[in-house]
Amino acid sequence: MFRLVASSCLMSCLLSSCAAPPAPPVSQAPANQLDLSATACGPAALLNAFRFGSADWQRLALSIPGNTDQQRLSSLLRKVELLPSHTTHGQTRGAKRGVNVSDLKELANVLTKSARLPALQESILFLKSGESLPQLLHRSHALLSQSARDGLPPIISLRRYAWRTQKGGAATWTAIGAHFVTLRSIPRDLSKDATFYPVTYIDPWGGKIHQGRIHIPTQPVLATTAERSPCLEVIFPDAMIGQSRIRPGEVTVITLAAAIGLW
């Protein structure tokens, strides 16, 4: 019923117009979450945002306790676990199964406050009341490109869904994976009639840099038709999000769920 659309061959030429934050020291490589844990994508994406940002953010990355990335990521996870919970009074947060967007933002702001740097913000990137998909595309681009221009590569939250038949015989969109990545480059401008924009991103799963694009859905996403989709589709051919949970013959899609950055 649905088909997954491949990445455009125009990617390489479009990326030439992308804006990237200042390059980090050549001795710094992307943080790899697998140095610590398969569930450490949030702290690793945050460390990469600091490390690949402007000079102030690079200094913050270097201030995180630890002599190795494994030690730095462990330090960040311990900070998450010590943050007070907003849902259970008197309790702290657990980070063993990964962190959510709000937890990651609050972890970041514990660090930015001590470093006297601007606080980070989070934004949910689903349709608002009265908003169209082209408007959502432009809203997401405006937020992400602003953070990049201000020197901090934004972090985006991704989710993979599968169109899955349930035990009763009906099919529904089922979440099968979630992941954080850090954007390395994004176009400075977006035309009014744009249907997508290309990005380069740092995947903490392996600490690799890849290319992809964020665009208005070309297939149904959490809906019965593409036009009724409530969010944007992400084409990241190299992303391994939820791959081990895909069943033979299933159609899956990666969505842009939320973002953290400077805006």
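What you see is a predicted model; the values in this text were computed from it and never measured.

1. Quick notes on the overall build of the protein
Moving on, step 1. Across its full length, the protein carries 6 helices and 8 strands.
Moving on, step 2. When its helices and strands are written in sequence order, the protein yields α-β-α-α-α-α-β-α-β-β-β-β-β-β.
Moving on, step 3. Counting every position in the protein, which comprises 263 residues, the buried fraction comes to 54%.
Moving on, step 4. Pairs at least 24 residues apart make up 62% of the contacts formed inside the protein by residues separated by at least 6 positions.
Moving on, step 5. Accessible area of the protein: about 12,600 Å², with a carbon and sulfur share of 53%.

2. Some words on the side chain of Ser-145
Moving on, step 1. As for its placement among the helices and strands, Ser-145 is situated in helix H6 (residues 133–149).
Moving on, step 2. Each residue touching Ser-145, except ones within four places of it in the same chain, is listed here: Ile-186 and Pro-187.

3. Things to note about the packing of aromatic side chains
Moving on, step 1. A full pass over the atoms with the stated rule returns 3 aromatic pairs.
Moving on, step 2. Seen from their ring centres, Phe-50 and Trp-57 are 5.7 Å apart, and the 15 degrees between their planes marks the pair as stacked. The burial state of Phe-50 is the same as that of Trp-57; both residues are buried.
Moving on, step 3. The lysine or arginine in question, Arg-213, covers the ring of Phe-196, its NZ or CZ lying 4.6 Å from the ring centre.

4. Describing the nonpolar core
Moving on, step 1. Within the largest apolar cluster, 30 residues are counted, with the highest numbers of intra-cluster contacts made by Leu-46, Phe-50, Trp-57, Leu-104, Ile-155 and Phe-180.
Moving on, step 2. Only helix H2 (41–51), helix H3 (55–63), helix H4 (69–82), helix H5 (101–114) and strand E8 (252–261) provide two or more residues apiece to this core.
Moving on, step 3. The dominant element in this core, judged by the number of residues it contributes, is H2, at 7 residues.
Moving on, step 4. Those residues in contact with Phe-180 that sit more than four places away from it in its chain are Cys-41, Gly-42, Ala-45, Val-99, Asn-100, Val-101, Leu-104, Ile-155, Ile-156, Ser-157 and Pro-204.
Moving on, step 5. Judged by nonpolar contacts, the second largest core, of 27 residues, contains Ile-156, Leu-190, Ile-216 and Ala-239.

Reading guide: rules and limits
- Residues numbered from 1 in each chain as written.
- Predicted model: local features only at pLDDT ≥ 70, side-chain atom pairs only at ≥ 80, totals over all residues.
- Heavy atoms only, no water.
- Helix = DSSP H or I, 4+ residues; strand = E, 2+ residues; numbered from the N terminus.
- Buried < 20%, exposed > 50% of the residue type's maximum accessible area, 1.4 Å probe, protein only.
- Contact = heavy atoms within 4.5 Å.
- Areas by Shrake-Rupley, 256 points an atom, 1.4 Å probe, with all protein chains shown as cover.
- Phe/Tyr/Trp six-rings, centres within 6.5 Å; stacked < 30°, edge-to-face > 60°.
- Lys NZ or Arg CZ within 6 Å of the ring centre and 35° of its normal.
- Core = buried A, V, L, I, M, F, W, Y, C linked by side-chain atoms within 4.5 Å.

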